[in-house]
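Listed below are the residues making up each chain.
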Amino acid sequence: NISEKIKGLSNTPQLKKLFETINSHSEMSEIRFVGGCLRKILNNEKIDDIDLATNLDPYEVSEVLKNNKINYYETGIKHGTITAFIDNKKFEITSLREDVFTDGRHAQVKFSKDWKKDASRRDFTINSIYSDREGNIFDPFNGKEDLEKGCINFIGDGEKRIKEDYLRILRYLRFFLIYSKQPHDLETIRTLKINIGG
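Below: a short report on this structure.

Reading guide: rules and limits
- Residues numbered from 1 in each chain as written.
- Predicted model: local features only at pLDDT ≥ 70, side-chain atom pairs only at ≥ 80, totals over all residues.
- Heavy atoms only, no water.
- Buried < 20%, exposed > 50% of the residue type's maximum accessible area, 1.4 Å probe, protein only.
- Helix = DSSP H or I, 4+ residues; strand = E, 2+ residues; numbered from the N terminus.
- Arc of directions from axis to C-beta.
- Contact = heavy atoms within 4.5 Å.
- 1 Å grid on protein atoms, 1.4 Å probe; cavity = no way out; pocket = protein on both sides within 12 Å on 5 of 7 lines; lining within 4 Å.
- Points joined across faces, edges and corners; volume = space filled by probe spheres on them.
- Nonpolar A, V, L, I, M, F, W, Y, C, P; charged D, E, K, R; others polar.

### Considering helix H9 (residues 186–195)
Residues of H9 that are buried include every one of Thr188, Thr191, Leu192 and Asn195, and no others. Buried residues of H9, viewed axially, fall in a sector of 100°; they line one side. Those residues of H9 that are exposed and angled more than 90 degrees off the buried face are Leu186 and Lys193. Those residues of H9 that are buried lie in contact with helix H7 (158–164) and helix H8 (168–179).

### Here's the deal with unusual backbone geometry
Within the chain, Lys69 stands out as a residue other than glycine whose phi angle is a positive 55°. Positionally, Lys69 belongs in the loop between helix H4 (58–67) and strand S3 (71–76).

### A look at the layout of surface pockets
Here the largest pocket defines a volume of roughly 1,100 Å³. Arg97, Arg121, Arg122, Asp123 and Arg171 are, among the 34 residues lining the largest pocket, the residues nearest its centre. Looking at the lining of the largest pocket, the elements that each hand over two or more residues are helix H3 (36–42), strand S2 (51–54), S3, strand S5 (89–95), strand S6 (97–102), strand S7 (107–111) and H8. The residue inventory of the lining of the largest pocket, partitioned by class, reads seven nonpolar, ten polar and 17 charged. Surrounding the second largest pocket, Leu9, Thr12, Gln14, Leu15, Ile47, Asp48, Asp49, Ile50, Lys89, Lys90 and Phe91 form its lining. At the level of elements, helix H2 (13–23) and S5 are the ones that each hand at least two residues to the lining of the second largest pocket. When residues of the lining of the second largest pocket are assigned to their parent elements, the largest contribution, three residues, is made by S5.

Structure below.
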(Lines give C-alpha, C1' and ligand atoms only; values in the text may rest on other atoms or scores of the structure.)
Protein backbone atom coordinates (compact mmCIF):
# COMPACT_ATOMS: atom_id res chain seq x y z
CA ASN A 1 0.00 0.00 0.00
CA ILE A 2 1.37 3.38 -1.09
CA SER A 3 0.37 5.41 1.95
CA GLU A 4 1.86 2.75 4.26
CA LYS A 5 5.16 3.00 2.37
CA ILE A 6 5.12 6.78 2.65
CA LYS A 7 4.30 6.60 6.37
CA GLY A 8 7.13 4.11 6.81
CA LEU A 9 9.53 6.51 5.12
CA SER A 10 8.39 9.50 7.18
CA ASN A 11 8.87 7.53 10.38
CA THR A 12 12.60 7.09 9.85
CA PRO A 13 14.21 9.13 12.68
CA GLN A 14 15.72 11.77 10.38
CA LEU A 15 12.56 12.47 8.40
CA LYS A 16 10.41 12.36 11.50
CA LYS A 17 12.59 15.09 12.95
CA LEU A 18 12.41 17.20 9.77
CA PHE A 19 8.64 16.89 9.41
CA GLU A 20 8.04 17.73 13.06
CA THR A 21 10.47 20.66 12.97
CA ILE A 22 8.90 22.34 9.94
CA ASN A 23 5.26 21.42 10.54
CA SER A 24 5.37 22.75 14.09
CA HIS A 25 7.06 26.04 13.15
CA SER A 26 3.72 27.83 12.71
CA GLU A 27 0.07 27.03 12.13
CA MET A 28 0.54 27.38 8.38
CA SER A 29 3.97 25.82 7.86
CA GLU A 30 4.05 22.54 6.01
CA ILE A 31 6.53 20.21 4.36
CA ARG A 32 5.74 17.42 1.87
CA PHE A 33 7.56 14.79 -0.16
CA VAL A 34 7.76 15.69 -3.84
CA GLY A 35 9.02 14.44 -7.19
CA GLY A 36 11.49 11.59 -7.59
CA CYS A 37 11.06 9.84 -4.25
CA LEU A 38 7.27 9.62 -4.75
CA ARG A 39 7.67 8.54 -8.36
CA LYS A 40 9.92 5.73 -7.11
CA ILE A 41 7.58 4.70 -4.29
CA LEU A 42 4.67 4.54 -6.74
CA ASN A 43 6.77 2.52 -9.16
CA ASN A 44 8.28 0.18 -6.53
CA GLU A 45 11.82 1.39 -7.14
CA LYS A 46 14.59 1.83 -4.61
CA ILE A 47 14.56 5.33 -3.13
CA ASP A 48 17.93 7.07 -3.09
CA ASP A 49 17.29 10.82 -2.87
CA ILE A 50 14.60 12.46 -0.83
CA ASP A 51 13.21 15.76 -2.08
CA LEU A 52 10.90 17.83 0.05
CA ALA A 53 8.87 20.95 -0.68
CA THR A 54 7.76 23.52 1.86
CA ASN A 55 5.62 26.64 1.96
CA LEU A 56 8.28 28.43 4.04
CA ASP A 57 10.75 30.58 2.15
CA PRO A 58 14.40 29.40 2.23
CA TYR A 59 15.44 32.02 4.80
CA GLU A 60 12.73 30.77 7.15
CA VAL A 61 13.84 27.18 6.50
CA SER A 62 17.44 28.10 7.47
CA GLU A 63 16.20 29.81 10.58
CA VAL A 64 14.03 26.87 11.65
CA LEU A 65 16.82 24.35 11.05
CA LYS A 66 19.33 26.50 12.93
CA ASN A 67 16.97 26.91 15.89
CA ASN A 68 16.50 23.14 16.03
CA LYS A 69 20.23 22.43 15.73
CA ILE A 70 19.89 20.66 12.38
CA ASN A 71 22.93 21.11 10.13
CA TYR A 72 22.32 22.47 6.65
CA TYR A 73 23.92 24.32 3.82
CA GLU A 74 22.43 26.88 1.50
CA THR A 75 22.86 24.90 -1.71
CA GLY A 76 20.80 27.09 -3.99
CA ILE A 77 19.19 29.56 -1.63
CA LYS A 78 18.29 32.05 -4.35
CA HIS A 79 16.44 29.25 -6.17
CA GLY A 80 14.91 28.19 -2.88
CA THR A 81 16.89 25.05 -2.02
CA ILE A 82 18.41 24.26 1.37
CA THR A 83 20.09 20.91 2.04
CA ALA A 84 19.61 19.58 5.57
CA PHE A 85 21.97 16.96 7.05
CA ILE A 86 20.89 14.61 9.78
CA ASP A 87 23.10 11.62 10.70
CA ASN A 88 25.05 11.96 7.44
CA LYS A 89 21.88 11.73 5.38
CA LYS A 90 21.00 14.70 3.20
CA PHE A 91 17.56 16.04 2.38
CA GLU A 92 16.86 18.73 -0.20
CA ILE A 93 14.18 21.14 0.96
CA THR A 94 12.88 23.49 -1.71
CA SER A 95 10.48 26.35 -1.14
CA LEU A 96 7.35 26.57 -3.28
CA ARG A 97 8.13 28.73 -6.31
CA GLU A 98 6.80 30.51 -9.33
CA ASP A 99 8.96 31.40 -12.32
CA VAL A 100 9.35 35.11 -12.95
CA PHE A 101 11.69 34.76 -15.92
CA THR A 102 13.40 31.87 -17.76
CA ASP A 103 16.25 32.00 -20.29
CA GLY A 104 16.41 28.46 -21.64
CA ARG A 105 18.38 27.11 -18.70
CA HIS A 106 17.94 29.12 -15.49
CA ALA A 107 14.86 30.59 -13.92
CA GLN A 108 14.44 33.64 -11.75
CA VAL A 109 11.91 32.64 -9.14
CA LYS A 110 9.73 34.18 -6.51
CA PHE A 111 8.71 32.18 -3.49
CA SER A 112 5.12 31.18 -3.08
CA LYS A 113 2.65 29.62 -0.66
CA ASP A 114 0.68 27.96 -3.44
CA TRP A 115 1.22 24.22 -3.96
CA LYS A 116 -0.64 24.18 -7.28
CA LYS A 117 1.51 27.00 -8.73
CA ASP A 118 4.63 25.14 -7.63
CA ALA A 119 3.34 21.98 -9.34
CA SER A 120 2.57 23.87 -12.54
CA ARG A 121 6.20 25.05 -12.97
CA ARG A 122 7.52 21.47 -12.81
CA ASP A 123 8.39 19.68 -16.05
CA PHE A 124 6.36 16.45 -16.25
CA THR A 125 3.17 15.27 -14.60
CA ILE A 126 5.03 12.30 -13.06
CA ASN A 127 7.29 14.77 -11.21
CA SER A 128 4.54 16.94 -9.77
CA ILE A 129 3.18 14.52 -7.19
CA TYR A 130 3.34 15.55 -3.52
CA SER A 131 2.50 13.75 -0.31
CA ASP A 132 2.32 14.66 3.36
CA ARG A 133 3.89 12.39 5.96
CA GLU A 134 0.63 10.45 6.34
CA GLY A 135 0.60 9.44 2.68
CA ASN A 136 -2.13 11.85 1.55
CA ILE A 137 -1.31 12.47 -2.11
CA PHE A 138 -1.66 15.87 -3.81
CA ASP A 139 -1.50 15.26 -7.55
CA PRO A 140 -3.00 18.20 -9.47
CA PHE A 141 -1.85 16.99 -12.92
CA ASN A 142 -2.69 13.27 -12.55
CA GLY A 143 0.94 12.18 -12.54
CA LYS A 144 0.12 8.97 -10.69
CA GLU A 145 -2.23 7.92 -13.48
CA ASP A 146 0.35 8.84 -16.14
CA LEU A 147 2.98 6.80 -14.28
CA GLU A 148 0.65 3.78 -14.17
CA LYS A 149 -0.13 4.12 -17.89
CA GLY A 150 3.52 4.79 -18.74
CA CYS A 151 2.84 8.21 -20.32
CA ILE A 152 5.49 10.94 -20.18
CA ASN A 153 3.49 14.16 -20.41
CA PHE A 154 4.75 17.70 -20.11
CA ILE A 155 2.74 19.93 -17.79
CA GLY A 156 1.05 22.50 -20.00
CA ASP A 157 2.48 23.39 -23.40
CA GLY A 158 5.44 21.11 -24.19
CA GLU A 159 7.20 23.61 -26.44
CA LYS A 160 6.91 26.39 -23.89
CA ARG A 161 8.27 24.07 -21.17
CA ILE A 162 11.26 23.07 -23.34
CA LYS A 163 12.09 26.69 -24.17
CA GLU A 164 12.15 27.50 -20.44
CA ASP A 165 14.90 24.91 -20.00
CA TYR A 166 16.33 23.00 -22.96
CA LEU A 167 17.69 20.28 -20.67
CA ARG A 168 14.10 19.07 -20.46
CA ILE A 169 14.69 17.42 -23.84
CA LEU A 170 17.23 15.11 -22.18
CA ARG A 171 14.97 14.69 -19.16
CA TYR A 172 12.09 13.69 -21.44
CA LEU A 173 14.27 11.01 -23.07
CA ARG A 174 15.55 9.77 -19.71
CA PHE A 175 12.06 9.40 -18.25
CA PHE A 176 10.74 7.92 -21.49
CA LEU A 177 13.43 5.20 -21.41
CA ILE A 178 12.72 4.37 -17.76
CA TYR A 179 8.94 4.67 -17.51
CA SER A 180 7.25 4.69 -20.87
CA LYS A 181 4.82 1.97 -21.88
CA GLN A 182 3.47 3.97 -24.84
CA PRO A 183 4.94 5.06 -28.18
CA HIS A 184 6.21 8.63 -28.41
CA ASP A 185 3.53 11.21 -28.99
CA LEU A 186 4.24 12.55 -32.50
CA GLU A 187 3.61 16.15 -31.52
CA THR A 188 6.13 15.81 -28.65
CA ILE A 189 8.77 14.32 -30.96
CA ARG A 190 8.23 17.16 -33.44
CA THR A 191 8.67 19.69 -30.62
CA LEU A 192 11.87 18.00 -29.38
CA LYS A 193 13.35 18.01 -32.91
CA ILE A 194 12.51 21.67 -33.56
CA ASN A 195 14.14 22.69 -30.27
CA ILE A 196 17.14 20.36 -30.25
CA GLY A 197 19.50 23.26 -31.09
CA GLY A 198 18.75 24.72 -27.68
